[in-house]
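Each chain is listed here by its residues.
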Amino acid sequence: SKGQGGNHHSFYTAEMGAQAVEHLRMEGALQRALQRQEFLLYYQPVVDIGSGVVSGVEALLRWQPQDRPMVSPADFIPLAEETGLIVPIGDWVLETAMRQQVAWREAGLSPVRISVNLSARQFLGQDVAQRVAALLAGTGCDPAFLTLEITESVLMENPAAATETMGRLAAMGVQLAIDDFGTGYSSLASLKRFPIHSLKIDRSFVMDLTRDADDAAIVNAVIALAHSMKLNVIAEGVETDEQLAFLQRHGCDQMQGYCFSRPVEPGRIEAMLQPAKNFH
Ligand code: C2E
Ligand code: CA
Ligand code: CA
Ligand code: CA
């Protein structure tokens, strides 16, 4: 009836109004978080499966509000994307990670590859190559030990623009990785056009590797094809020794996961890193 239609209409309006209010509240909170320096980076070791050596780390953003529990990036990055705040937040992440790489080098540790996640808006919506060049120059970070991670879906959103931007980043000596590989719809063959160095197999495939024959077959195929394209393969979300043994058997190059370490504060990474060979 007409009455019900009216109710439906006002119901949706109220719902959307509440959402808009929550949206604004969060936007303000994120803006204040930047000003108050409530963001920090955790680092998760990336381990060479062959040698067991920690060869790099992935920087993972955390938000620690003053008097509330830590907020996971999954809970604020989508909003930061929508509002554009991801650009200043992402700049802060890039600069902080680059400074950390320099600090570890200056502490006499072997060069540590730092991987940084780039969001869609950061990668496609601003001149990220120019930002990275400026930050490299400003921090003294070694581009040969910096990897930028872009998800498969972002890459496929605008392949032409992505190719151009990646070409500029690669020309600076920065490495590029495809994150969450397998969750989008690109074929491995379509990746040939991008100047990438590594593929990260999404955790959803690793999770059921030892129970689900399809996932095992997918992981095997990705490793084999990636190697035939001379790409480095990293498995995400490795939690069990069985998963690790499988990946080792099938020649996966590197892994990240709780079976080795969760993401931790930078101070806890130092103990996992080797001193540089020429340092005594
Ligand atoms: P991602 O890039 O795929 O990062 C891997 C996520 O898997 C991290 O979650 C990590 O803590 C989690 N993880 C690692 N090993 C395991 C494991 O063995 N088991 C399980 N269950 N999880 C594992 P986190 O830190 O909550 O980050 C979630 C997502 O937020 C990231 O996914 C990334 O897409 C995004 N993100 C994090 N930091 C940044 C950032 O600085 N910028 C941007 N744009 N996005 C970020
Ligand atoms: Ca990542
Ligand atoms: Ca990932
Ligand atoms: Ca993932």
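About the cut-offs
- Residues numbered from 1 in each chain as written.
- Chains lettered and ligands numbered in written order.
- Predicted model: local features only at pLDDT ≥ 70, side-chain atom pairs only at ≥ 80, totals over all residues.
- Heavy atoms only, no water.
- Donors = N, O, S within 2.8 Å, 3.2 Å for Na, K, Ca; no water.
- Helix = DSSP H or I, 4+ residues; strand = E, 2+ residues; numbered from the N terminus.
- Buried < 20%, exposed > 50% of the residue type's maximum accessible area, 1.4 Å probe, protein only.
- Expected span 1.5 Å × (residues − 1).
- Near = heavy atom within 4 Å.
- Polar contact = N/O pair within 3.5 Å; in protein donor to acceptor, adjacent residues only side chain to side chain.
- Areas by Shrake-Rupley, 256 points an atom, 1.4 Å probe, with all protein chains shown as cover.
- Nonpolar A, V, L, I, M, F, W, Y, C, P; charged D, E, K, R; others polar.
- Contact = heavy atoms within 4.5 Å.
- Salt bridge = Lys/Arg side-chain N within 4 Å of Asp/Glu carboxyl O.
- pLDDT = per-residue confidence, 0-100.
- Core = buried A, V, L, I, M, F, W, Y, C linked by side-chain atoms within 4.5 Å.
- Lys, Arg positive; Asp, Glu negative; His and termini not counted.
- Phe/Tyr/Trp six-rings, centres within 6.5 Å; stacked < 30°, edge-to-face > 60°.

> Give a description of the coordination of the calcium ion (ligand 2) that names residues and reports values.
Taken together, the protein donors to the calcium ion (ligand 2) comprise E58 (OE), N117 (OD1), E149 (OE) and D179 (OD), at separations of 2.2 to 2.3 Å. A separation of 3.7 Å is found between the calcium ion (ligand 2) and the calcium ion (ligand 3), which are bridged by D179. In this pair, E149 is assigned in strand 4 (residues 146-151) and D179 in strand 5 (residues 175-181), connecting sequence segments 30 residues apart. Residue classification places E149 among the buried residues on the basis of a relative accessible area of 2%.

> I'd like a description of helix 3 (residues 86-106), backed by residues and values.
Between its first and last C-alpha atoms helix 3 spans 30 Å; for 21 residues at 1.5 Å apiece the expected length is 30 Å, and the two agree. Buried residues of helix 3: I86, I89, G90, D91, V93, L94, A97, M98, Q100, Q101, V102 and W104, and no others. Two residues or fewer past helix 3, G108 is found with a positive phi of approximately 85°.

> Give a description of the coordination of the calcium ion (ligand 3) that names residues and reports values.
Surrounding the calcium ion (ligand 3) are the protein donor atoms D179 (OD), D180 (OD), E236 (OE) and E236 (OE), at 1.8 to 3.0 Å. Judged by its relative accessible area of 6%, D179 falls in the buried class.

> Can you explain the site of ligand 1? Please cite residues and give values.
As a structural note, the neighbourhood of ligand 1 is formed by 21 residues, with Q44, R62, N117, E239 and Y258 the closest of them. One of the backbone nitrogen or oxygen atoms of S119 is found 3.5 Å away from a nitrogen atom of ligand 1. In the environment of ligand 1, an oxygen atom lies 3.5 Å from a nitrogen or oxygen atom belonging to the side chain of E236. Notes on ligand 1: free accessible area 790 Å², of which the protein chains cover 82%. Looking at the shell around ligand 1, the elements with two or more residues in it are strand 2 (54-63), helix 2 (73-83) and strand 5. No other element matches strand 2, which puts four residues into the shell around ligand 1. Taken together, the residues that form the shell around ligand 1 break down as nine nonpolar, five polar and seven charged.

> Kindly report on the side chain of Q122, identifying the contributing residues and their values.
Following the sequence through the fold, Q122 ends up in helix 4 (residues 120-124). One polar contact links the side chain of Q122 to the main-chain amide nitrogen of S119, over a distance of 3.1 Å. Excluding anything up to four places from it in sequence, Q122 contacts E81, I86, G90, D91, L94, N117 and V128.

> Please set out the pattern of salt bridges residue by residue, giving values where relevant.
The full count for this structure, using the stated rule, is eight salt bridges. For R131, the salt bridge identified is with D91, shortest N-O distance 2.8 Å. Here R131 is found in helix 5 (residues 128-139), whereas its partner D91 is found in helix 3, with 40 residues between them in sequence. Residue D91 is classed as buried on the basis of its relative accessible area, which comes to 17%. Among the charged side chains, a salt-bridge network with shared partners connects E58, E149 and K200.

> Go over the confidence of the model for the protein chain with me, naming the residues and quoting the values.
Of the residues in the protein chain, 92% have a pLDDT of 70 or more, and the chain-wide mean is 90. Low confidence marks residues 1-6, where pLDDT is under 50. Its contacts with residues over four positions away, or in another chain, come to zero contacts. For this predicted complex, the interface confidence reaches an ipTM of 0.97, while the overall pTM sits at 0.92.

> Please set out the nonpolar core residue by residue, giving values where relevant.
Grouped burial of nonpolar side chains is what soluble globular proteins tend to show. If you look at the biggest cluster of nonpolar residues, it comprises 77 residues, and the most contacted ones within it are L148 and L199. Examining the composition of this core, we find that eight residues originate from one element, helix 3, more than from any other. Not counting chain neighbours up to four residues away, the residues in contact with L199 comprise I178, F181, L188, L191, V222, A226, L231, N232, V233 and I234.

> Could you give me a rundown of the side chain of D202, with the residues and numbers involved?
For D202, the location among the structural elements is in the loop between strand 6 (198-201) and helix 8 (203-207). Despite its burial, D202 pairs with no opposite charge, the nearest such side chain being R203 at 6.6 Å. Beyond its immediate sequence surroundings of up to four residues, D202 is in contact with D180, F181, T183 and E236.

> So what's going on with the packing of aromatic side chains? Residues and values would help.
Scanning the model with the defined rule gives five aromatic pairs in all. Ring geometry for F39 versus W63: centroids 6.1 Å apart, planes at 45°, classification tilted. Here F39 is found in strand 1 (residues 39-48), whereas its partner W63 is found in strand 2, with 24 residues between them in sequence. Its relative accessible area of 7% is what places F39 among the buried residues. Classification of W63 as buried rests on a relative accessible area of 2%. Ring geometry for W63 versus F76: centroids 5.7 Å apart, planes at 85°, classification edge-to-face. In this pair, W63 sits in strand 2 while F76 sits in helix 2, placing the two residues 13 residues apart along the sequence.

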